[in-house]
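Observations on chain architecture
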2 protein chains.
Amino acid sequence: MQVSALAFDVFGTVVDWHSSIAAEVTDVAARSGLGLEAGAGEAFAEEWRRRYGPSMERVRSGEIGWTALDDLHRASLDEVLRRFGMDGLAPAERERLNLAWHRLRPWPDSAEGLSRLRRRHVLCTLSNGNVALLVDLARFGGLPFDCILSAELCRAYKPDPRTYQMVPALLRLRPEQVMMVAAHASDLRAAAAQGLRTAYVDRPLEWGRAGERSGGLAPDDRFDVVAADFVDLAAQLEG
Amino acid sequence: MQVSALAFDVFGTVVDWHSSIAAEVTDVAARSGLGLEAGAGEAFAEEWRRRYGPSMERVRSGEIGWTALDDLHRASLDEVLRRFGMDGLAPAERERLNLAWHRLRPWPDSAEGLSRLRRRHVLCTLSNGNVALLVDLARFGGLPFDCILSAELCRAYKPDPRTYQMVPALLRLRPEQVMMVAAHASDLRAAAAQGLRTAYVDRPLEWGRAGERSGGLAPDDRFDVVAADFVDLAAQLEG
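Each chain carries its own residue numbering, running from 1 in the direction its sequence is written. Chain A is the first chain written and ligand 1 is the first ligand written, with later ones labelled in order. Residue-level local features of this predicted model are given only where pLDDT is at least 70; pairs of side-chain atoms are given and counted only at 80 or more, and the full residue set underlies all totals for whole chains, interfaces and linings.

1. Thoughts on the domain arrangement of chain A
Interfaces are often sized by the amount of accessible area the parts lose when they come together. All names here are of chain A. Selection criterion: A domain assignment, automatic or from a database, supplies the domain bounds used here. Going along the chain from the N terminus, every DSSP run of H or I of four or more residues is numbered as a helix, and every run of E of two or more is numbered as a strand.
Under the domain assignment used here, chain A contains domain 1 (5-16 + 104-238) and domain 2 (17-102). A separation of 23 Å is found between the C-alpha centroids of domain 1 and domain 2. For the side of domain 1 that touches domain 2, the secondary structure elements donating two or more residues are strand S2 (15-16) and helix H7 (131-141). The leading source of residues in the side of domain 1 that touches domain 2 is H7, at 4 residues.

In structure tokens form, the structure reads like this:
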């Protein structure tokens, strides 16, 4: 198995959106004098994230034209604020809160694991996040990606086949020289359908301690690597 | 002047293609038992580079469809080998020599200057080199770019306006928040026409000691910054 490049899903796989968004929501509510019950920051984060799939589906279906994730997030945010009785949040605070997705904390193993993986592999993102979001995330978290690839570059959201095909095309590799790394089996299945190798990384806390899992593995899923985290992934690829 | 991101031209501005290509040509000729006169490595590098503009012009004019720079380089290489009596070079050695453009040495100040500039600015490439070439160059030279942007992403070569417009569009900035950094006035003039700020960095040795200059400044050129190298550029932007 000669893998030259690793392409990383980002939300949930590299960074912990759940606790990061919850903390920013709790913080801005307190600063703005808008009371939130205990645990409401987490519920807010989950509600916002649940609108992620349906908002991209509006683009995929052609209902709306290409719209970057920052703008989908911004539209969802207004709905979620209303639902949580935070309609009083000022426009500037809404803009700032929307950029919380640019400041998500990496999982504890992410920076170390990526640094180790980068010794032998080219590392790129392959995320539905737009380029500016991913650039900010990588800087914020000290994540040593060689290249920021985004659905935005093909104006189509994963799991559109063009997003996976873009990686070997731009890196001038054969599909089987690229390995998709994700905590979501659906992402890996779509990558495998385009000939990419696959590594599943378990992120049981993606939706928080009490939260739902984001799918898990199906009985017939066969990925090239199944790893506990990025340091384990590095060890397995070196082995 | 609120500049958030710096977009770097690469060949000649960040890396020294002239001495790097000359060294690889001299090396492969010796290894392959194809004699080259003293100084012929430099002449070969210059001849190869002179075909860069005309080869892209074939794409710009529509004579041929989109073709990545690696493939333009490869076609030019066969012509230059013939001209230098190196027709005997084996196919595998030709492929390897073509990738010399992925292993160009940075100027002595490049890595240090970029690291310093990166503290306050997002750093991206904006080069006619294709993505794979730029990723390899950045890894080879230890160049800390946050994002690899390439003409390949808009399938149009600089100075096409779309290449310069791509940078603020993907980074979600206004054009005047982006500064183009180049050792070539023509690149900066085209960037300024799209509203970007400009920094000229002097690279007098781009074509080697005895070589021609790549244009220099015209009497009416007015760039936002004129710097001796990247460390000087960092000092001026911090000042």
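2. Let's talk about the confidence of the model for chain A
Selection criterion: pLDDT is a per-residue confidence score from the predictor, ranging from 0 to 100.
Summarising the model, chain A shows a mean pLDDT of 95, and 97% of its residues fall at 70 or more. As a predicted assembly, this complex carries a pTM of 0.97 together with an ipTM value of 0.96.

3. Observations regarding the interface of chain A and chain B
How we decide: Two residues form a contact once the distance between their C-beta atoms, set from the backbone, is within 7 Å. All residues other than Ala, Val, Leu, Ile, Met, Phe, Trp, Tyr, Cys, Pro, Asp, Glu, Lys and Arg, Gly among them, are scored as polar; the first ten of these are nonpolar and the last four charged.
Taken together, the contact between chain A and chain B spans 14 residues of the former and 14 residues of the latter. Contributions of two or more residues to the side of chain A that touches chain B are made by H7, strand S5 (147-150) and helix H8 (161-171) of chain A. Of the residues belonging to the side of chain A that touches chain B, the class tally is 10 nonpolar, no polar and 4 charged.

4. Examining the nonpolar core
This is how it is decided: Buried Ala, Val, Leu, Ile, Met, Phe, Trp, Tyr and Cys residues whose C-beta atoms connect them within 7 Å together make up a nonpolar core. Partly exposed residues are those whose C-beta has more than 12 but fewer than 20 other C-beta atoms within 10 Å; with 20 or more the residue is buried, with 12 or fewer it is exposed, and the C-beta atoms are placed from the backbone.
Residues Ala7(A), Val167(A), Ala7(B) and Val167(B) are the most contacted members of the largest nonpolar core, which totals 144 residues. In contact with Val167(B), other than residues within four places in its own chain, are Ala5(B), Ala7(B), Cys124(B), Leu126(B), Leu149(B) and Val178(B).

5. Points about helix H7 (residues 131-141) of chain B
For H7(B), the tally of buried residues reaches 8 of 11 residues, placing the bulk of the element in the interior. Three or more residues of H7(B) are buried, namely Val131(B), Ala132(B), Leu133(B), Leu134(B), Val135(B), Asp136(B), Leu137(B) and Ala138(B).

6. Some points on the relation of the copies chain A and chain B
Counted only if it meets this: Only residues with pLDDT of at least 70 in both copies count here: their C-alpha atoms drive the least-squares fit that superposes the copies.
For these two chains of identical sequence, chain A goes onto chain B by a turn of 180 degrees and a shift of 0.0 Å along the axis, with RMSD 0.0 Å. Considering both components of the superposition, the chain copies are consistent with a two-fold axis. No C-alpha of chain A lies nearer the rotation axis than that of Cys147(A), which sits 2.9 Å from it.

7. A short note on the packing of helix H2 (residues 40-50) of chain A against helix H4 (residues 69-83) of chain A
Residues and elements named next belong to chain A. Here is the rule we go by: Note on geometry: axes are lines fitted to C-alpha atoms, helical ones only across the stretch in contact, with angles between N-to-C directions running from 0 to 180 degrees. Small angles under 35 degrees read as roughly parallel and large ones over 145 as roughly antiparallel, with 65 to 115 read as roughly perpendicular and the rest as oblique. Here a crossing is taken to be left-handed if its near helix is turned anticlockwise relative to the far helix by less than a right angle, and right-handed if that turn runs clockwise.
The interhelical angle for the contact between H2 and H4, taken along N-to-C directions, is 140 degrees, at an axis separation of 10 Å. Between H2 and H4, the angle is such that the two are oblique. Classified by chirality, the crossing of H4 by H2 is right-handed. Mapping the contact onto sequence places Phe44, Glu47 and Trp48 in H2 and Ser76, Leu77, Val80 and Arg83 in H4. When its residues are assigned to classes, the contact of H2 with H4 shows 4 nonpolar, 1 polar and 2 charged.

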